[in-house]
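Overview (structure and organization)
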Amino acid sequence: MDAAPLRHVDALWAAARSIEVAPRHHEASGRSVMVGSAEEIAEVAGLLEVDLTAAPLTCMCPGDVSFTVRGERGAVLGVLTHHAGGGLDWSRWSGQLPLLRLGELTAWLTERDVVVPNPRQ
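Because the structure is a prediction, the values reported are computed rather than measured.

**Focus on the sheet that holds strand β4 (residues 76-82)**
Pairing within the open sheet is antiparallel, and its 6 strands lie in the order β2-β1-β3-β4-β5-β6. Looking at the sheet topology across the chains shown, the edges are occupied by β2 (33-35) and β6 (96-98). Neighbour to neighbour, the strand axes of the sheet diverge by 25° on average, direction disregarded. Each of β1 (18-23), β3 (65-70) and β4 touches helix α1 (residues 8-15); the most contacted strand, β4, lies at about 115° to it.

Here's what the structure looks like:
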């Protein structure tokens, strides 16, 4: 039996050595976080799992949180952008794909102060 082909996103995570997680808006009150251990990278990769069978959504906004994935010697392998509405964008896709673990990702971002909840909500 043949193995399933390696998807682009799987290859991205396999080559990742660090991930910088940062708010996209300069006026945002959140902070950047660096993820560097294999366990942390795997955790973030799992939280960023998307439905690859869904039709991509096109959005003109810059997004809310960026995930800059770096490989050996700090080379940027890709930048994924989370949109608060639940999508994840990457240049290899034709728009945002829906996240499968949006609630868990939001909790992870909040626990690390990347996203600061609005006190009025």
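**Points about the packing of aromatic side chains**
Two aromatic rings, taken as a pair, are described by how far apart their centres are and by the angle between their planes. Here the structure, examined in full by the defined rule, presents 1 aromatic pair. Measuring from ring centre to ring centre gives 5.5 Å for Trp90 and Trp93, while their planes differ by 85°; the resulting arrangement is edge-to-face. Residue Trp90 shares its accessibility class with Trp93, and that shared class is buried.

**Some words on the pattern of salt bridges**
For the structure on display, the rule yields 3 salt bridges. A salt bridge links Glu72 to Arg17; its shortest N-O distance comes to 2.7 Å. Here Glu72 is found in the loop between β3 and β4, whereas its partner Arg17 is found in the loop between α1 and β1, with 55 residues between them in sequence. Taking relative accessible area as the criterion, Glu72 reaches 54% and is therefore assigned exposed. Classification of Arg17 as partly exposed rests on a relative accessible area of 41%. Here Glu49 makes a salt bridge to Arg101, at a shortest N to O gap of 2.6 Å. A residue pair is termed long-range when its members are at least 10 positions apart, and Glu49 in the loop between α2 (38-47) and β3 and Arg101 in the loop between β6 and α3 (102-111) qualify at 52 residues.

**A few points about α2**
For α2, the full list of buried residues reads Ile41, Val44, Ala45 and Leu47. Angularly, the buried residues of α2 cover 165° about the axis, an arc narrow enough to put them on a single face. Away from its buried face by more than 90 degrees, α2 exposes Ala38 and Glu39. As for α2, its buried residues are in contact with α1, β1, β2, β3 and α3.

**Re the environment of His8**
By the element assignment, His8 lies in helix α1. Relative accessible area serves as the criterion here: at 52%, His8 is assigned to the exposed category. Separated by 84 residues in the primary sequence, His8 and Arg92 place their C-alpha atoms 8.1 Å from one another. The residues contacting His8, other than those within four sequence positions of it, are Trp90 and Arg92.

**Observations concerning the packing of α2 against α3**
Axis separation between α2 and α3 bottoms out at 9 Å; the angle between their running directions is 135°. Classified by the angle between their axes, α2 and α3 sit oblique to one another. For the pair formed by α2 and α3, the contact residues are Glu43, Val44 and Leu47 on the first element and Glu104, Leu105 and Trp108 on the second.

So, how was this worked out
- Residues numbered from 1 in each chain as written.
- Predicted model: local features only at pLDDT ≥ 70, side-chain atom pairs only at ≥ 80, totals over all residues.
- Heavy atoms only, no water.
- Pairing = 2+ DSSP bridges.
- Helix = DSSP H or I, 4+ residues; strand = E, 2+ residues; numbered from the N terminus.
- Axes fitted to C-alpha atoms, helices over the stretch in contact; angles between N-to-C directions.
- Contact = heavy atoms within 4.5 Å.
- Phe/Tyr/Trp six-rings, centres within 6.5 Å; stacked < 30°, edge-to-face > 60°.
- Buried < 20%, exposed > 50% of the residue type's maximum accessible area, 1.4 Å probe, protein only.
- Salt bridge = Lys/Arg side-chain N within 4 Å of Asp/Glu carboxyl O.
- Arc of directions from axis to C-beta.
- Parallel < 35°, antiparallel > 145°, perpendicular 65-115°, else oblique.

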